[in-house]
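Structural overview
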Amino acid sequence: MKLGKTYLIKFLFGILFLSGASSCDRSEGASPIQDNSHQVIHTDTLRPSPSQEVVELPLFVTYHIDSLENIAQIDSFKTRFSELQQEFILGINRIDAYRLRAGNKLVIPDTLTNNFLDYSPFPQNFEMLDSIPKAVLISRRIQGFALYENGKLLKWGPVSSGKKSTPTPAGLFYGNYKARSKISTVDQSWIMPYYFNFMNFEGVGVHQYTMPGFPASHACVRLRKDDAVTIYNWANQWKLDGKRQVVTKNGTPFMVFGDYDFDRSAPWLELAEDPNSNYLNAEELKTLRRYVTEYRRDKRNFDLPELPSEELAAPPPSGLETIQ
């Protein structure tokens, strides 16, 4: 009898022990992160979920004005900054280095990086343009251009557009023809390298030329050499019919907009007081929306399906541009 009681007590004790052990196992299994002091995590195998992706905010740049009151201060400017930094600063001020004079004022970023896109007055991603393969934006107000592919900013830079008496016309235009070197019709001594026309009848285009720090051209849009070469190689020309008389496919759109205020100081100098002052404003965005609408309505901006052979003899649609 005593022996039976002993076995019974051991039996009950074993059940309680096993029950407790399984209870501890469930607890650890339900909360494995409560004790992970020895756990090794290989970060190269981790992939954040879409909601966890880190979005890098654009760099916010502030500016200050540097007055070059004499030759010594010009020389100091050239020694204080590296060649790349000088290129960026001069680009922001729309001026060539050899044009610096005593009395000039330069707006200078408080933060200098190795990426000129950090100083772009144009948005890095422009949803309005995401359905356009290539687009050239030219702002007369801030004297700058931007190149976009499907709404993504590829490059921006300074321009010198038409002076007050011969302004660059605003509007939606298209790249027509280009020339490695072209002689100006205004003055035959003016050679225009990397010329890309976007107004056929008026002879207006973009090309390399000196950058004086203000609008100075006879309607064309002046560019620095690297920028002119980029557009020359990147933008598309028009496509013509067999007789080279009718435009069958438009070239890259050139969107010229904004108004330069000739009665005020250069707009980039305003960056020292308001770093947001050179961004696109509401009126300019409205103009660009109108240009995009016009672009989408023009069938010559799209590759149309080929017509059956029996329909090829049909006359072309009315309103197609004829080359002068």
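Preceding this paragraph is the structure being described.
Here goes a summary of the coordinates provided. Predicted, not measured: the structure shown is a model, and the values here were computed from it.

**Quick look at the overall build of the protein chain**
- For the protein chain, the count of helices and strands is five helices and 13 strands.
- A total of 324 residues make up the protein chain; the buried ones form 40% of that total.
- Partitioning the contacts of the protein chain with sequence separation of at least 6, the portion at a separation of at least 24 is 64%.
- Carbon and sulfur atoms make up 54% of the accessible area of the protein chain, which totals about 19900 Å².

**Here we look at the sheet that holds strand S8 (residues 191-199)**
- In space, the four strands of this open sheet follow the order S7-S8-S9-S10, with mixed pairing throughout. Two strands bound the open sheet, and with one partner strand each, they are strand S7 (178-183) and strand S10 (221-223). Sheet twist, expressed as the mean angle between neighbouring strand axes with direction ignored, is 35 degrees.

**Remarks on the sheet that holds strand S6 (residues 171-174)**
- One open sheet accounts for five strands, arranged S5-S4-S3-S13-S6; its pairing is mixed. This sheet does not close on itself; its edge strands, each paired only once, are strand S5 (152-158) and S6. Pairwise comparison of adjacent strand axes, ignoring direction, gives a mean angle of 20 degrees for this sheet.
- By the bridge criterion, four bridges tie strand S3 (residues 135-139) to strand S13 (residues 253-257) in an arrangement that is parallel. In the strand pairing of S13, Ile-138 is matched with Val-256.
- Of the strands in this sheet, S3, S6 and S13 touch helix H5 (residues 282-297), which is tilted by about 150 degrees from S13.

**Remarks on the side chain of Arg-94**
- Locating Arg-94 in the fold gives a position in the loop between helix H3 (83-92) and strand S2 (104-109).
- Of the polar contacts made by the side chain of Arg-94, one reaches the backbone oxygen of Ile-142; its length is 2.7 Å.
- Not counting residues within four places of it along the chain, the set of residues in contact with Arg-94 comprises Ile-142, Gln-143, Trp-156, Pro-158, Val-159, Met-211, Pro-212, Gly-213, Phe-214 and Trp-268.

**A few points about the nonpolar core**
- Ranked by internal contacts, the top residues of the largest apolar core, which has 33 residues, are Phe-122, Leu-137, Met-255 and Leu-288.
- Counting only elements with at least two residues in this core, the list comes to H3, S3, strand S4 (144-149), S5, S6, S13 and H5.
- Ranked by residues supplied to this core, first place goes to H5 with four residues.
- In this structure, Ile-138, Phe-145, Met-199 and Phe-254 belong to the second largest nonpolar core, which totals 22 residues.

**Let's talk about the pattern of salt bridges**
- Taken as a whole and assessed by the stated rule, the structure comprises 10 salt bridges.
- Two residues, Glu-270 and Arg-264, come together in a salt bridge whose shortest N-O distance is 2.9 Å.
- By relative accessible area, Arg-264 is classed as exposed at 54%.
- Connected through shared salt-bridge partners, Lys-155, Arg-224, Asp-226 and Asp-227 make up one network.

**What about the side chain of Arg-224?**
- Tracing the chain through its elements places Arg-224 in the loop between S10 and helix H4 (225-234).
- Only 3.2 Å separates the side chain of Arg-224 from the backbone oxygen of Glu-87, close enough to count as a polar contact.
- Aside from chain neighbours lying at most four places away, what touches Arg-224 is Glu-87, Leu-90, Gly-91, Phe-116, Pro-158, Gln-208 and Met-211.

**Details of unusual backbone geometry**
- One non-glycine residue, Asn-150, lies in positive phi territory at about 50 degrees.
- With respect to the element layout, Asn-150 can be found in the loop between S4 and S5.
- Phi is positive for Arg-244, which is not a glycine, with a value near 55 degrees.
- Turning to its location among the elements, Arg-244 is positioned in the loop between strand S11 (239-240) and strand S12 (247-249).
- For Arg-244, a relative accessible area of 55% corresponds to the exposed category.

Here is what the cut-offs are and how they apply
- Residues numbered from 1 in each chain as written.
- Predicted model: local features only at pLDDT ≥ 70, side-chain atom pairs only at ≥ 80, totals over all residues.
- Heavy atoms only, no water.
- Helix = DSSP H or I, 4+ residues; strand = E, 2+ residues; numbered from the N terminus.
- Buried < 20%, exposed > 50% of the residue type's maximum accessible area, 1.4 Å probe, protein only.
- Contact = heavy atoms within 4.5 Å.
- Areas by Shrake-Rupley, 256 points an atom, 1.4 Å probe, with all protein chains shown as cover.
- Pairing = 2+ DSSP bridges.
- Axes fitted to C-alpha atoms, helices over the stretch in contact; angles between N-to-C directions.
- Polar contact = N/O pair within 3.5 Å; in protein donor to acceptor, adjacent residues only side chain to side chain.
- Core = buried A, V, L, I, M, F, W, Y, C linked by side-chain atoms within 4.5 Å.
- Salt bridge = Lys/Arg side-chain N within 4 Å of Asp/Glu carboxyl O.

Keep in mind that these numbers describe shape and distance, not what the molecule does.
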